[in-house]
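The primary structure of each chain is shown beneath.
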Amino acid sequence: MSKFLIRPHHLLCMRYFQGCGYSDEFTENMRYVISNLKNGSEVLLTRGCDDICRKCPNNRKNTCCDGEKVKSYDSAVISLCNLDFDKVYEYGCLYILILITKLLKGIQLIALLTKQKSNNFYSSGL
């Protein structure tokens, strides 16, 4: 079983990848990584440049030009999905976890919006 280094926010990028990207080389690499992950590979969640970043034009000597922004994305995914850096996961499990987390967050948002609308409805005396 092969193992890929993946930044946490790239789990979302891969989930919504539609075949285009920064460059043809980047897009080809993204397809390669996704294809191999779907064949039962493992993922080591990393804090730095990963196997997707390898062909990204924002990668300068193995450092991302958008460093602080992508670190915040990574931290958000780690927190929302209750994952850990430097830990190995099966890609299939991460894929399902991303779907479930997105669904649950959507349900929470709908509940919050519904509650706000209900409170506004009742407080207006209607």
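Here, every reference points to the structure presented above.
Residues numbered from 1 in each chain as written. Predicted model: local features only at pLDDT ≥ 70, side-chain atom pairs only at ≥ 80, totals over all residues. Heavy atoms only, no water.

Draft legend 1. Highlighting the pairing of strand S1 (residues 3–6). Along S1, the buried face is formed by Phe 4 and Ile 6; none of Lys 3 and Leu 5, which line the opposite face, is buried. Relative to strand S2 (residues 42–45), S1 is paired through four bridges, and the arrangement is parallel. Within S2, the position partnered with Lys 3 by the bridge is Glu 42. (Buried < 20%, exposed > 50% of the residue type's maximum accessible area, 1.4 Å probe, protein only. Helix = DSSP H or I, 4+ residues; strand = E, 2+ residues; numbered from the N terminus. Pairing = 2+ DSSP bridges.)

Draft legend 2. Looking closely at the pattern of salt bridges. Taken as a whole and assessed by the stated rule, the structure comprises four salt bridges. A salt bridge links Glu 68 to Lys 71, with the nearest nitrogen and oxygen atoms 3.6 Å apart. With a gap of three residues between them, Glu 68 and Lys 71 both fall in helix H3 (residues 67–81), about one helical turn apart. Residue class for Glu 68 comes out exposed when judged on its relative accessible area of 61%. (Salt bridge = Lys/Arg side-chain N within 4 Å of Asp/Glu carboxyl O.)

Draft legend 3. Main features of the packing of aromatic side chains. Counted by the stated rule, this structure contains three aromatic pairs. Arranged with centres 6.4 Å apart and planes meeting at 65 degrees, the rings of Phe 4 and Tyr 32 form a pair that is edge-to-face. Separated by 28 residues along the polypeptide, Phe 4 in strand S1 and Tyr 32 in helix H2 (residues 24–38) bring together distant segments of the chain. Note on Phe 4: relative accessible area 7%, which makes it buried. When the centroid spacing of 6.0 Å and the interplanar angle of 50 degrees are considered together, the rings of Tyr 91 and Tyr 95 count as tilted. Taken together, the residues span about one helical turn, with Tyr 91 and Tyr 95 both in helix H4 (residues 91–123) at a distance of four residues. Take Tyr 91: its relative accessible area is 6%, and that puts it in the buried class. Against the face of Tyr 16 rests Arg 15, its NZ or CZ located 5.2 Å from the ring centre. (Phe/Tyr/Trp six-rings, centres within 6.5 Å; stacked < 30°, edge-to-face > 60°. Lys NZ or Arg CZ within 6 Å of the ring centre and 35° of its normal.)

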